[in-house]
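In case you want the letters, here they are:
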Amino acid sequence: MIIERWNKIKLVINEEEVKKAYLRSMSSMTRLNRIGALLMHKYNAHAATDVTGFGLLGHAQNLAKHQKNDVTFVIHNLPIIAKMSVVAKACGNMFGLTQGTSAETSGGLLIALPREQAAAYCKDIQSQEGFQAWIIGIVEKGNKTAKIIDKPRIIEVPAKDTEGELW
């Protein structure tokens, strides 16, 4: 089973890219949320959660369900470690990665911010930590749920690869 899966994967990614993706994921999972939490106060976050076992969509649904107002979180962009969306496709999307349902281990923070504050938050994280943050969607009037659009934009992490760097 593992050899069969690797035979599919090696058609879309080489061993060096696998190692790099592994190191990126380890770096991401060991990152602390201290600065992110401090910046949530600075930029007037409405709500936040860490993305773990329920995947991005599951946590977005849970967050939307507990809002005071009737809203829907609409996800347009999915930040995914470089090359992993093609690996997921080669494996038949068995983990739900591009559907937002893959279980994460310390997948990062999902934060609801005022629209006019979101870009500044992302820029501040980048300048203070050296890590990217993304605006992945919008909050609109709805029925306390979350959804991913039919063809979300996959943002390969990192967007611009620098030789020898993880991010």
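Cut-offs used in this document
Residues numbered from 1 in each chain as written. Predicted model: local features only at pLDDT ≥ 70, side-chain atom pairs only at ≥ 80, totals over all residues. Heavy atoms only, no water. Helix = DSSP H or I, 4+ residues; strand = E, 2+ residues; numbered from the N terminus. Buried < 20%, exposed > 50% of the residue type's maximum accessible area, 1.4 Å probe, protein only. Expected span 1.5 Å × (residues − 1). Arc of directions from axis to C-beta. Core = buried A, V, L, I, M, F, W, Y, C linked by side-chain atoms within 4.5 Å. Contact = heavy atoms within 4.5 Å. Polar contact = N/O pair within 3.5 Å; in protein donor to acceptor, adjacent residues only side chain to side chain. Phe/Tyr/Trp six-rings, centres within 6.5 Å; stacked < 30°, edge-to-face > 60°. Pairing = 2+ DSSP bridges. Axes fitted to C-alpha atoms, helices over the stretch in contact; angles between N-to-C directions. Salt bridge = Lys/Arg side-chain N within 4 Å of Asp/Glu carboxyl O.

Novice: Let's hear about the environment of His-41: which residues, and what values?
Specialist: One can find His-41 in helix H3 (residues 34–42). Take His-41: its relative accessible area is 67%, and that puts it in the exposed class. Along the chain, His-41 and Glu-156 lie 115 residues apart, while their C-alpha atoms are 28 Å from each other.

Novice: Please set out helix H6 (residues 115–129) residue by residue, giving values where relevant.
Specialist: Relative to the 21 Å expected for 15 residues at 1.5 Å per residue, H6 spans 22 Å between its end C-alpha atoms, a close match to the ideal helical length. Burial in H6 covers these residues: Ala-118, Tyr-121, Cys-122, Asp-124 and Ile-125. The arc that holds the buried residues of H6, viewed along the axis, is 165°, so those residues lie on one side. In this structure, H6 carries Glu-116, Lys-123 and Ser-127 as exposed residues pointing more than 90 degrees from its buried face.

Novice: Summarise the nonpolar core; cite the residues concerned and give the values.
Specialist: Residues Leu-56, Ala-60, Phe-73, Ile-75, Leu-78 and Leu-110 are the most contacted members of the largest nonpolar core, which totals 17 residues. Filtering out sequence-adjacent residues up to four positions away, Phe-73 remains in contact with Ala-60, Leu-63, Ala-64, Gln-67, Ala-112, Ile-138, Val-139, Thr-145, Ala-146 and Lys-147. Core analysis: the next-biggest nonpolar cluster, separate from the first, contains 8 residues, Leu-39, Ile-111, Leu-113 and Tyr-121 among them.

Novice: Please give an account of the side chain of Ser-25 that cites residues and values.
Specialist: Here Ser-25 shows up in helix H2 (residues 15–29). Looking at Ser-25, the relative accessible area reads 18%, which means it is buried. Within the structure, Ser-25 has its side chain in polar contact with the backbone oxygen of Tyr-22 (distance 2.7 Å).

Novice: Describe the packing of aromatic side chains, listing the residues and the values that go with them.
Specialist: Counted under the stated rule, the structure contains 1 aromatic pair. On the numbers, 5.9 Å between centres and 80° between planes, the contact of Tyr-43 with Tyr-121 is edge-to-face. Remark: Tyr-121 occurs in helix H6 and Tyr-43 occurs in the loop between H3 and strand E1 (47–50); sequence separation between them is 78 residues. Tyr-43 sits in the buried class, given a relative accessible area of 9%. Among the residues examined, Tyr-121 registers a relative accessible area of 5% and is labelled buried.

Novice: Tell me what's going on with the sheet that holds strand E4 (residues 137–141), and back it up with residues and numbers.
Specialist: Taken together, the 3 strands give an open sheet; going across it, the order is E4-E2-E5, and neighbouring strands pair in mixed fashion. Sheet topology places E4 and strand E5 (145–157) at the edges, where each strand pairs with a single neighbour. Between one strand axis and the next, the sheet turns by 15° as a mean value, whatever way the strands run. Sheet strands in contact with helix H4 (residues 55–65) are strand E2 (71–81) and E5, and its direction is about 140° off that of E5.

Novice: Could you give an account of the pattern of salt bridges, with specific residues and numbers?
Specialist: A full pass over the atoms with the stated rule returns 2 salt bridges. Where Lys-83 meets Glu-17, a salt bridge forms, and the shortest distance between an N and an O atom there is 3.2 Å. Placement of the pair is Lys-83 in the loop between E2 and helix H5 (84–90) and Glu-17 in helix H2, with a sequence separation of 66 residues.

Novice: Which residues make up H3, and what values go with them?
Specialist: Of all the positions in H3, only Gly-36, Leu-39 and Met-40 are classed as buried. Taken end-on, H3 shows its buried residues confined to a sector of 110°, consistent with a single buried face. In H3, those exposed residues whose orientation departs by more than 90 degrees from the buried face are Arg-34, His-41 and Lys-42. Looking at the packing, one finds that the buried side of H3 touches E1, strand E3 (109–112) and H6. One or two steps after H3, the chain reaches Asn-44, where phi turns positive at roughly 60°.

Function cannot be read off these values alone, since they describe shape.
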